[in-house]
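A structural walkthrough
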Amino acid sequence: MITFPLKTDKNNSAVSTLFGKAKYFAFYDGKELKIEKNPYEKGSQLVSWFLEKGVDKIIIKEMGSKPFNKIHNTDIKVFYAGDGRVTTDEVIDSFNKNLLKELSDDELRTIIKDHEGDRKSSSCSNHEQEGHSHEHNKSCHKKMKAKHPYIFK
């Protein structure tokens with residue numbers, strides 16, 4: 001089963017750049033998609049919930065070090081959702097076609113470094129939380145892609 005963070009509980013919602021603080025998570029078993037409210041406030045708490053649900057793949061845009069450290073000690077694989085605005089349907093289609101990139105530990109550490117770094121200039125999720133526009137968030141992800149082309153292809 002795969003899971004990924006969503007901005008809303010609506011059909012074909014956009015994937016959230018937030019991970020631990022995402023309001024909702026999509027769960028897809030290869031046939032059926034279910035959306036559930038995030039019952040926790042921290043990403044590290046989510047990992048146990050995911051394991052209980054049989055999740056073996058997580059699809060992200062960004063992630064902090066605490067959930068990464070918990071995931072690192074499991075068999076869960078982490079994949080990159082893609083650049084810009086990505087919807088639930090797009091993620092499922094890409095996943096079904098094996099088009100999503102599985103992230104190595106080094107690639108995840110790079111994403112974490114950007115996520116947790118200087119939040120005024122490098123964290124896209126911080127801008128999202130502050131209510132910046134979609135265009136601003138898109139620009140932020142372009143900067144991350146430019147800094148790390150080997151991750152964000």
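Residues numbered from 1 in each chain as written. Predicted model: local features only at pLDDT ≥ 70, side-chain atom pairs only at ≥ 80, totals over all residues. Heavy atoms only, no water.

The name recorded for the chain in an unreviewed UniProt entry is Dinitrogenase iron-molybdenum cofactor biosynthesis domain-containing protein, from Halarcobacter ebronensis.

**Focus: the packing of aromatic side chains**
Let me state the cut-off plainly: What counts as a ring pair is set by centres within 6.5 Å for rings of Phe, Tyr and Trp (its six-membered ring), and what kind of pair is set by the plane angle: stacked under 30 degrees, edge-to-face over 60, tilted for all other angles. Helix and strand definitions here come from DSSP, where helices need a minimum of 4 consecutive H or I residues and strands a minimum of 2 consecutive E residues; each element is numbered from the N-terminal end. Throughout this description, buried means an accessible area under 20% of the type-specific maximum (1.4 Å probe, protein chains only), exposed means over 50%, and partly exposed covers the range between.
Tallying each qualifying case throughout the model produces eight aromatic pairs. Judged by centre distance (6.3 Å) and plane angle (70°), the rings of Phe19 and Phe50 are edge-to-face. Placement of the pair is Phe19 in the loop between β1 (2-6) and β2 (24-28) and Phe50 in helix α1 (residues 43-52), with a sequence separation of 31 residues. The exposure class assigned to Phe19 is buried, which follows from its relative accessible area of 4%. Relative to Trp49, the ring of Phe25 has its centre 6.3 Å away and its plane inclined at 85°; by these criteria the two rings are edge-to-face. One end of the pair, Phe25, is in strand β2; the other, Trp49, is in helix α1, with 24 residues separating them in the sequence.

**So, the environment of Glu107**
Let me state the cut-off plainly: Contacts described as polar in this section are N or O atom pairs within 3.5 Å, which, within protein, must combine one atom able to donate a hydrogen with one able to accept it, while residues neighboring in sequence count only if both atoms come from side chains.
Secondary-structure assignment places Glu107 in helix α4 (residues 105-116). Of the residues examined, Glu107 reaches a relative accessible area of 8% and is grouped as buried. As a C-alpha pair, Glu107 and Tyr80 span 27 residues in sequence and 9.9 Å in three-dimensional space. Polar side-chain contacts of Glu107 include one of 2.8 Å to the backbone nitrogen of Ser104.

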